[in-house]
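Results of the structural survey
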Amino acid sequence: MPTAVQASTRPASSRQRRPTEKVTHRTAEKEDAARRKAENLKKAHKAAQRQRRRERELAGSNASSGNEEVYSSDVDNIEDTMVSAHQASFTDRTVTTKLSTNTSLAFRASKIPPKPLTSSRKENTASRVDSAGSNKKRGEDSEDEVDKNHHLEHGDQDEDSPDDMAVVHKPRKRALPTSDGDSGDDDHGSDDRNALHPKMQKANDGSGRPKAADFDDITQEVLGIAVAIFRCLICTQAPFPDTTAIEIDMAKRAWREACEKTSLNVMLTPTLLKMITRRTSHVRGELKGKTRALVQSFYGFRSGQNKRIIARNHQLAEDLKEDYLFVYEDFKKRTGLYKTDILSMIIGDMWFSNKQDEGVLYHEYFNPMPKATMALIFAAIECSIDEWATGIKEDVKFTTTAYKDVFNAHLQCLDAFDEHTRAHGILGQLCAKLHTDARFHAGAETVSKLALPALGREAFDAAIREFQGSETEPETGDEAGAGAES
């Protein structure tokens, strides 16, 4: 019994129960309603203060009997605003936004932004204001026609939409502008209108950069030739273009020549143009890689951790760069200016490795070897020598920022040498010999043999004499007998 009495007198637990979700939701709704009400009242109070301030200013400027009516009407408007705000604080409304409406997006294959319709509407409005009489009526009819065509092209849309750019426009195909600055519109000629538009035969793999394999076979054929011609133009005319416009002009020229060689008329799109111009840095990097492999073995740089080897490499790099000794055939004796064997070796590996290489197929760019190409090779050689400047081989990038001035310096030296020896034609003979030796290295025939026709004029003259003699020959005996019997 004592134990039971003690159990019955046990104090109650002090734990409080957690409110349910329903109670929590109601509490939150009440708090939100109170907060909205307070905000609305605060806004209404500020609006009333502004209105009273305006009324005081108006009463001070216009002291007339009509001010009392204005004041009473404004007070009524303030009261209506406060009442509507108070009622809106306890009202739930569903607002339909533009994002909630289901709109279908049209596919666009062009990156050219569409023209807004506001300009055409403004032109129609201006024509209606300036014209009078029948012209005014004609302007109104043209506006109705524009609006009708707008609805036919774009479907039923909300007329109250403030964003005119949301209307889907059909992309307009534009032809490639020429280097002379033509716009390439329809008035450019029938060739642009008849140009084939490149087609993407498969979607991009998500890498962000389109590839030649993404296009149709016709575009791939023209693109491959255009890229090869563009590489030749870069290496022979402007290895480090001063402006992007020069680079774009060379890409357009390469595309036109590729279309002529293939007898195809394909439109050059911005995507294809970007794919071609990306080859500028690629071809310089390829030349640097081939030059690096030859410089180490040709000049005798050695790899190793020995201090003597490191000191020798460092001294050799300084000696070769002093007064451009690496351009001599024998840099120790300083003889054979611009006759170094490494120059022809790099030309052979880069452009004349076989009969199907770029230098053989497009020999018109390398015959004779341009001075810009020679200066580019000397700049790449100097970049490869700079990798051994510390005695240990380090990677040095062949970038425009670091070696454009080096290229220009070598080109100025070649121009000065050509000007100084113009009477003897030394540099011209060297450039012609470089091209001839390069074609021999590729196993291709000389250009002079390719230019000669299979039959000469003597054979054609002999054929003319033979034809004239056959017409004057007398008839044979059989033919004369047959003529007598008849």
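Moving on, we get to helix α12 (residues 341–351). Within α12 the residues assigned to the buried category are Ile-342, Leu-343, Ile-346, Ile-347, Gly-348, Met-350 and Trp-351. Those residues of α12 that are buried lie in contact with α7 (217–236), α10 (279–299), α13 (358–361), α14 (371–386) and α16 (426–442).

Turning our attention to the side chain of His-410. As for its position among the elements, His-410 is in helix α15 (residues 400–420). Taking relative accessible area as the criterion, His-410 reaches 2% and is therefore assigned buried. A polar side-chain atom of His-410 sits 3.0 Å from a polar atom in the side chain of Glu-382. Apart from the residues within four sequence positions on either side, His-410 is in contact with Tyr-324, Phe-326, Ala-375, Phe-378, Ala-379 and Glu-382.

What follows concerns the confidence of the model for the protein. Within the protein, residue pLDDT values average 76, and 63% of them lie at 70 or more. Summarising per-element confidence for the protein, the mean pLDDT is lowest in helix α5 (residues 134–154) (45) and highest in α14 (96). Here residues 125–129 is a poorly scored stretch, pLDDT under 50, and it has 4 contacts once near neighbours within four places are set aside; other chains count. pLDDT under 50 marks residues 131–190. Its contacts with residues more than four places away, or in other chains, come to 63 contacts.

Next up on the list: unusual backbone geometry. In this chain, Asn-367 is followed by Pro-368 through a cis amide linkage whose omega measures -5 degrees. Examined against the element boundaries, Pro-368 turns out to sit in the loop between α13 and α14. One non-glycine residue with positive phi stands out, namely Ser-263, at about 60 degrees. Of note, Arg-334 is a non-glycine position whose phi angle comes to about 60 degrees, a positive value. Residue classification places Arg-334 among the partly exposed residues on the basis of a relative accessible area of 42%.

Along the chain, Arg-422 falls in the loop between α15 and α16. Looking at Arg-422, the relative accessible area reads 51%, which means it is exposed. Engagement of the side chain of Arg-422 in a polar contact is seen with the side chain of Glu-419, the distance being 3.1 Å.

Our next topic: the packing of aromatic side chains. The final tally for this structure, using the stated rule, is 12 aromatic pairs. Pairing Phe-301 with Trp-388 gives two aromatic rings, centres 5.2 Å apart and planes at 10 degrees, and the pair type is stacked. Linking Phe-301 in the loop between α10 and α11 (307–321) with Trp-388 in the loop between α14 and α15, this pair joins segments that are 87 residues apart in sequence. Looking at Phe-301, the relative accessible area reads 4%, which means it is buried. The class of Trp-388 is buried, set by a relative accessible area of 2%. Among the aromatic residues, those joined into a ring-pair cluster are Tyr-324, Phe-326, Tyr-338, Phe-378 and Phe-417.

Further remarks concern the packing of α10 against α14. α14 packs onto α10 with a crossing angle of 60 degrees between their chain directions and a minimal axis gap of 9 Å. In terms of crossing hand, the pair formed by α10 and α14 is right-handed. Here Leu-287, Lys-288, Thr-291, Arg-292, Val-295 and Tyr-299 of α10 lie close against α14, whose contacting residues are Leu-376, Ala-380, Ile-381, Cys-383, Ser-384 and Ile-385. Each residue belonging to the contact of α10 with α14 can be placed in one class, and the counts come to 8 nonpolar, 2 polar and 2 charged.

Calculation notes
- Residues numbered from 1 in each chain as written.
- Predicted model: local features only at pLDDT ≥ 70, side-chain atom pairs only at ≥ 80, totals over all residues.
- Heavy atoms only, no water.
- Buried < 20%, exposed > 50% of the residue type's maximum accessible area, 1.4 Å probe, protein only.
- Helix = DSSP H or I, 4+ residues; strand = E, 2+ residues; numbered from the N terminus.
- Contact = heavy atoms within 4.5 Å.
- Polar contact = N/O pair within 3.5 Å; in protein donor to acceptor, adjacent residues only side chain to side chain.
- pLDDT = per-residue confidence, 0-100.
- Phe/Tyr/Trp six-rings, centres within 6.5 Å; stacked < 30°, edge-to-face > 60°.
- Axes fitted to C-alpha atoms, helices over the stretch in contact; angles between N-to-C directions.
- Left-handed = near helix turned anticlockwise from the far one by under 90°.
- Nonpolar A, V, L, I, M, F, W, Y, C, P; charged D, E, K, R; others polar.

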